[in-house]
Amino acid sequence: MTFKAIRSDLDAVLARDPAARTRLEVVLCYPGFHAVMLHRIANAAWRRGLKLLGRLVSVFARFATGIEIHPGATIGQRFFIDHGMGVVIGETAEIGDDVTLYQGVTLGGTTLDHGKRHPTLGDGVIVGAGAKILGPFTVGKGARVGSNAVVLEAVPAGATVVGIPARIVGRPKNDDFCAYGATGDVTDPVARAIDRMESDMGALRARIAELEGRVAAQRDELDARVADLHAVGARGHAN
């Protein structure tokens, strides 16, 4: 870990959080930055075979920041954890450059195998608050994961996914940073399904009203014919 790398991590915070005003403020007040710096120390120890030391550093980082990063996780440059409380990153997770996570994110595994069991995040991925990415698949470069999404399968590069389970709902129109992975040009697929159901129900109500009108008109016509027949019958009896 070099001073250049530390400075790039600091600059990443300043670029993605408008509340951050100076590098000194980030160094002193940002638990996400503290967690990343401590992880880089823990990971260095882990890779050198000092696994207990790596775990001890990671446990201290969790105690100090509320962010749990396994020392075996691989993390790229300019990684930013905003707010951060409750973030969990598993042992075999791999995170590219310029990735952003928000509070409550889990990069978890769904198997007890000792091999690759945690997700891989490509460069520039943004994961919104509370999202869970579970399994040994890849979230492609520049993808966005909406808040509280549960991702259980690979996400193509540049795609935006939301929902439980997560589904692709669009692609960002540009590469600009979007907080919490909210591109602003997509809607929840569940909300879209509800909108379609409401539209279909409106069409059905209109069709039912039309049919009821036709039935009422036919009933009136039938009543009129029955009345005519009664009138003819009455005249016949009179004659």
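Computed from a predicted structure; not experimentally measured. (Residues numbered from 1 in each chain as written. Predicted model: local features only at pLDDT ≥ 70, side-chain atom pairs only at ≥ 80, totals over all residues. Heavy atoms only, no water.)

## Details of empty space enclosed by the protein
- Within the structure shown, the criterion is met by one cavity of 30 Å³ or more.
- The computed volume of the largest cavity comes to approximately 30 Å³.
- A35, H39, S58, A61, I67 and I69 together form the lining of the largest cavity.
- Looking at the lining of the largest cavity, the elements that each hand over two or more residues are α3 (31-47) and α4 (51-65). (1 Å grid on protein atoms, 1.4 Å probe; cavity = no way out; pocket = protein on both sides within 12 Å on 5 of 7 lines; lining within 4 Å. Points joined across faces, edges and corners; volume = space filled by probe spheres on them. Helix = DSSP H or I, 4+ residues; strand = E, 2+ residues; numbered from the N terminus.)

## Observations concerning the sheet that holds strand β5 (residues 94-95)
- The sheet built from four strands is open, its strands ordered β2-β5-β8-β11 with parallel pairing. Among the strands making up the open sheet, the edge pair consists of β2 (74-75) and β11 (138-139).
- As judged from the two bridges shared by β5 and strand β8 (residues 120-121), these two strands associate in the parallel manner. In the strand pairing of β8, I95 is matched with L121. (Pairing = 2+ DSSP bridges.)

## Side note on the sheet that holds strand β4 (residues 88-89)
- Spatially, the five strands line up as an open sheet ordered β1-β4-β7-β10-β13, and their pairing is parallel. The outermost strands of the open sheet, each flanked by one partner alone, are β1 (68-69) and β13 (150-151).

## Quick notes on the nonpolar core
- Counting 39 residues, the largest nonpolar core has I89 and L101 as its most contacted members.
- Listing elements by their share of this core, those giving two or more residues are α1 (3-16), α3 and β3 (80-81).
- With four residues, α3 is the single largest residue contributor to this core.
- Apart from the residues within four sequence positions on either side, L101 is in contact with F79, F80, I81, D82, V87, I89, L107, L121 and V127. (Core = buried A, V, L, I, M, F, W, Y, C linked by side-chain atoms within 4.5 Å. Buried < 20%, exposed > 50% of the residue type's maximum accessible area, 1.4 Å probe, protein only. Contact = heavy atoms within 4.5 Å.)

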